[in-house]
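Residues per chain, in single letters:
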Amino acid sequence: LRTSLGKGRAFIRYSLVHQRLADTLQQCFMNTKVTSDWYYARSPFLKPKLSSDIVGQLYELTEVQFDLVSRGYDLDAAWPTFA
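Bear in mind that the values here come from a model prediction, so they are computed numbers and not experimental data.

Undergrad: Could you clarify how one ought to interpret unusual backbone geometry in this entry?
TA: Negative phi values dominate among residues other than glycine, just as trans dominates among peptide bonds. You will see that Gln-19, though not glycine, has its phi angle at about 55°, which is positive. Summarising the element assignment, Gln-19 is placed in the loop between helix H1 (4–17) and helix H2 (21–30). Given a relative accessible area of 29%, Gln-19 falls into the partly exposed group.

Shown next, in the form of structure tokens:
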């Protein structure tokens, strides 16, 4: 992985496989100072109700088993597509 986009895609895939995406983002959203440094004021991540709804939806994803092979894809170029 060479680009921040590729690293972000890898992080999302890793978090989904290990069922940690909601936990990780919830921790990030709780630190409003850092979150506001990364997102514009209109971002839903900076609005407590909306970020709570987003995290709630992501927690529902923990019930889904993701089997995402981490090798063989160039995440710097694009998301893998499946038939």
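Now that the structure is up, let's keep going.
Undergrad: So what exactly am I meant to see when it comes to the pattern of salt bridges here?
TA: A side chain with one charge can pair with a side chain of the opposite charge if their charged atoms come near. This structure, assessed with the given rule, holds five salt bridges. Here Asp-76 ties to Arg-2 by a salt bridge, and the two come within 3.6 Å at their closest N and O atoms. Taken together, the residues Asp-76 in the segment after helix H4 (48–61) and Arg-2 in the segment before H1 connect sequence positions 74 residues apart. By relative accessible area, which is 13% here, Asp-76 ends up buried. Note that Asp-37 and Lys-33 form a salt bridge whose closest N and O atoms lie 3.2 Å from each other. In this pair, Asp-37 and Lys-33 both sit in helix H3 (residues 32–38), four residues apart, roughly one turn of the helix. This pair shows no difference in class: Asp-37 is exposed, exactly as Lys-33 is.

Undergrad: Teacher, can you tell me more about H1 here?
TA: The α-helix winds at 3.6 residues per turn, so residues separated by three or four positions along the chain end up facing the same way. With 14 residues, H1 should cover 20 Å at 1.5 Å per step; its first-to-last C-alpha distance of 20 Å lies within 8% of that length. By the burial criterion, the buried members of H1 are Gly-6, Arg-9, Arg-13, Ser-15 and Leu-16. Each element contacted by the buried residues of H1 is listed here: H2 and H4.

Conventions adopted
Residues numbered from 1 in each chain as written. Predicted model: local features only at pLDDT ≥ 70, side-chain atom pairs only at ≥ 80, totals over all residues. Heavy atoms only, no water. Helix = DSSP H or I, 4+ residues; strand = E, 2+ residues; numbered from the N terminus. Buried < 20%, exposed > 50% of the residue type's maximum accessible area, 1.4 Å probe, protein only. Salt bridge = Lys/Arg side-chain N within 4 Å of Asp/Glu carboxyl O. Expected span 1.5 Å × (residues − 1). Contact = heavy atoms within 4.5 Å.

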